[in-house]
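# Breakdown of the fold
Okay, here's what each chain looks like letter by letter:
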Amino acid sequence: MIKLFVASISTLSGSERRSDGGRPFLEDHLAYWLGGLVLCAIYTNSYFRNAAVPSPKARFPEGWWGWFDQSKYLQSAQALAHLDFHAAMHWYPFGYALLGAPFAWMGYHAYFLPDLICLLLTGGGFLAVAQALGARPLTGVLLFLLATVGTQDVRNTWVEPWNTTLACALIWWTFALACRLVLLPPETQLAKHRLAGFTLWGALLAFIPVVRPTDALIAGGVAAFSFLTALATRSLRLKELACAILGAAIVLSLCGALWLRIYGAHPSDYMVMSKGLGFRLDLLWWKTYLLLITPRPWFPDGSGLLQHIHWLYFSLVGMALLPFLGLRRAFLPLILLAGLSIFYALLFFSYVDLIPSGLWRYNNVHYFKWMFPACALLGWWALHQFFSRQWRLVLAVGAAIFILSGIRLLPVPASTAQTPIWMVTLHEPPPSWPDLYFSDLTLRDNRAIQHNIHDFRAMPDSQGERWITLAHPFNGVPTPYPASSKSVPEQFWGMHLTWRPDPCWLPPHPCNFKPPLP
């Protein structure tokens, strides 16, 4: 597996032996081999030390297969292994199940090897892109380790079965092929086997939405950006375009036939359910603050991405610098990575079911794990620019982002006549987490009827429970609907915008100590 990992990087990055005795070549490959070995060791150790790994000696022997998503993955993979095409056996799109089916004989560890292979392939694609952007092999290896296994919560999303693991491998290989086929200057593009490369590229782009339908936006973004680049640079070749279309057509035809065999000519139950849940742009700025900076003290637990992974700050600096320093063809891959990362993050920040508590408690951070290597590259590029003649601009942009991150949105007590109301806390014996978090609680205010999960979130805290608005503020006093005879003391909270020089995403995380306390 590691040999394939190293060979894929060498092929895509165009590594060749130098005339100085092959020393740079050997050093490059040594970095890749060591990186692959370290990655395998960390993955294996993290897999078997994970608290939810299936084990007959564990308190819950099923481990993560007792979780809803993972149970459906395993069910589908085992069904495909036995050629069972009943729709009831295939809840999620079957792309990830196709990966696990050949390993179904491994039982509860069916995804141990497939996920490791996907991690290595993701690394291969990433390192090819990193080298194309000028990063040394050792630097690329360290960046990838930081982005994938450098944080325990992110590392867990690689060892636990998630369909985003396969999606990451596909996405990063499409990035790598896009760089070497279209985006980079002609002298650094692949010169041999271009038609085969375009065919493979089209196939990978087409298979991405088979694994995760929402990631069709990434595949479409890569294809559109590359097509426009080819047009702008007058490098579009009809044979190459035809090969890409052929590769996509082959994959879509095969997967379409399997889809018809399983579901028939209509949407699956999962697609119908997802459409009902969906995405909302209401108060996107509010969800972005909660998920990116900090959810405290609004939410009794959880943390923002920046609060949990501090180095993402440098990624934001890199994104902000691109309009000033990255307008060259050599930096087109960075522009693509930054654009897709921003768009994808905002899309999932608007996802109804994604809130700060679930981001870490239910490992929903796995949605973003393809982005973290991209963010590591952008952060490295920002630091690289800092040690150049442009260091003043980098310092100014970094300071501006740091200052902006000091904005705080804090709850303040509000009277019942005051609108808008952003949160209600109830003082009572705390209900159990699942009973309230997943409840079908419905509230009615002066404007509309709001539903838990879709419009607001109800969750317990040490003092009782709280209702946090996510779609739009409560107008007037929200009350359960239909009316309930239950009566408990309530506290209403408005919102106060302020700024402090110590951002809440940095220790000691001052917003954690603001009222209401968890």
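Just so we're clear, the structure is a prediction, and the values are computed from it rather than from any experiment.

Among the nonpolar cores identified, the biggest contains 148 residues, and Phe 175, Trp 370, Phe 372 and Leu 377 are the most heavily contacted of them. Considering each element in turn, this core owes the most residues, 16 residues, to helix H8 (residues 163-183). If we skip the residues at most four places from it in the chain, Phe 372 touches Ala 147, Val 154, Leu 305, Ile 309, Trp 311, Leu 312 and Val 365. Within the second largest apolar cluster, 11 residues are counted, among which are Ile 421, Val 424, Leu 436 and Leu 443.

This next bit is on the environment of Leu 306. Locating Leu 306 in the fold gives a position in helix H14 (residues 305-308). The spacing of Leu 306 and Trp 91 is 215 residues in sequence and 33 Å in space, taken between C-alpha atoms. Contact partners of Leu 306, with chain neighbours within four places excluded, come to Leu 292, Ile 293, Leu 312, Tyr 313, Leu 316 and Trp 505.

Cis geometry is adopted by the peptide bond preceding Pro 297, which originates at Arg 296 and carries an omega value of 5°. A cis geometry characterises the amide bond from Tyr 481 onward to Pro 482, with omega recorded as -5°. Mapped onto the elements of the fold, Pro 482 is located in the loop between strand E7 (479-480) and strand E8 (490-499). At Asn 363, a residue that is not glycine, the phi angle is positive and equals roughly 55°. Asn 363 gets classed as buried once you look at its relative accessible area, which sits at 9%. The backbone of His 509 sits at a positive phi, close to 55°, despite the residue not being glycine.

This part takes up the environment of Arg 328. Tracing the sequence through the fold places Arg 328 in the loop between helix H15 (312-325) and helix H16 (332-349). Under the relative-accessibility criterion, Arg 328 is labelled exposed at 51%. With 143 residues separating them along the chain, Arg 328 and Pro 185 place their C-alpha atoms 10.0 Å apart.

To continue, consider the layout of surface pockets. By volume, the largest pocket is sized at about 1400 Å³. Lining the largest pocket are 47 residues, with Asp 69, Tyr 92, Trp 162, Asn 364 and Tyr 367 sitting closest to its centre. When contributions to the lining of the largest pocket are tallied by element, the ones reaching two or more residues are helix H2 (23-49), helix H3 (68-81), helix H7 (152-159), helix H12 (269-277) and helix H17 (356-361). Considering each element in turn, the lining of the largest pocket owes the most residues, 6 residues, to H12. Classifying every residue of the lining of the largest pocket by side-chain character gives 24 nonpolar, 14 polar and 9 charged.

With their axes 8 Å apart at the nearest point, helix H5 (residues 112-132) and H8 run at an angle of 25° to one another. The angle between H5 and H8 falls in the class roughly parallel. In terms of crossing hand, the pair formed by H5 and H8 is left-handed. For the pair H5 and H8, the contacting residues are Asp 115, Cys 118, Leu 121, Thr 122, Gly 125, Phe 126, Ala 128, Val 129 and Ala 132 in the first and Thr 165, Leu 166, Cys 168, Ala 169, Trp 172, Trp 173, Phe 175, Ala 176, Cys 179 and Arg 180 in the second. Residues belonging to the contact of H5 with H8 are distributed by class as follows: 14 nonpolar, 3 polar and 2 charged.

Another point: the sheet that holds strand E1 (residues 407-414). Taken together, the 5 strands give an open sheet; going across it, the order is E1-E8-E2-E6-E5, and neighbouring strands pair in antiparallel fashion. Unpaired on one side and paired on the other, E1 and strand E5 (456-461) mark the two borders of the sheet. Going from strand to strand, the sheet's axes swing by 25° on average, the running direction of each strand aside. Here E5 runs beside strand E6 (residues 464-469); their pairing, made up of 6 bridges, is antiparallel. Residue pairing across strands places Arg 457 opposite Ile 468, the latter belonging to E6. Contacts from helix H13 (residues 284-293) reach E1, E6 and E8, with the element oriented near 110° to E1.

Further remarks concern the packing of helix H18 (residues 371-386) against helix H19 (residues 391-404). Orientation of H18 relative to H19, taken along the N-to-C sense of each, is 130°, at an axis distance of 7 Å. Overall, the two elements H18 and H19 adopt an arrangement that is oblique. From H18, Ala 382, Gln 385 and Phe 386 reach across to H19, where they touch Trp 391, Val 394 and Leu 395. Grouping the amino acids of the contact of H18 with H19 by side-chain chemistry returns 5 nonpolar, 1 polar and no charged.

This brings us to the pairing of E6. For E6, the buried fraction is high: 6 of the 6 residues fall into the buried class. What sits between the antiparallel neighbours E5 and E6 is a turn of 2 residues.

Enumeration according to the criterion identifies 9 salt bridges in this entry. Residue Arg 280 pairs with Asp 455 through a salt bridge whose shortest N-O separation is 2.5 Å. Of this pair, Arg 280 sits in the loop between H12 and H13 while Asp 455 sits in the loop between strand E4 (449-451) and E5, and the two are 175 residues apart along the sequence. Like Arg 280, the residue Asp 455 is buried in the burial classification. A salt bridge links Asp 353 to Arg 457; the shortest N-O distance between them is 3.3 Å. Taken together, the residues span a long stretch of sequence, with Asp 353 in the loop between H16 and H17 and Arg 457 in strand E5 at a distance of 104 residues.

Parameters and conventions
- Residues numbered from 1 in each chain as written.
- Predicted model: local features only at pLDDT ≥ 70, side-chain atom pairs only at ≥ 80, totals over all residues.
- Heavy atoms only, no water.
- Core = buried A, V, L, I, M, F, W, Y, C linked by side-chain atoms within 4.5 Å.
- Buried < 20%, exposed > 50% of the residue type's maximum accessible area, 1.4 Å probe, protein only.
- Helix = DSSP H or I, 4+ residues; strand = E, 2+ residues; numbered from the N terminus.
- Contact = heavy atoms within 4.5 Å.
- 1 Å grid on protein atoms, 1.4 Å probe; cavity = no way out; pocket = protein on both sides within 12 Å on 5 of 7 lines; lining within 4 Å.
- Points joined across faces, edges and corners; volume = space filled by probe spheres on them.
- Nonpolar A, V, L, I, M, F, W, Y, C, P; charged D, E, K, R; others polar.
- Axes fitted to C-alpha atoms, helices over the stretch in contact; angles between N-to-C directions.
- Parallel < 35°, antiparallel > 145°, perpendicular 65-115°, else oblique.
- Left-handed = near helix turned anticlockwise from the far one by under 90°.
- Pairing = 2+ DSSP bridges.
- Salt bridge = Lys/Arg side-chain N within 4 Å of Asp/Glu carboxyl O.

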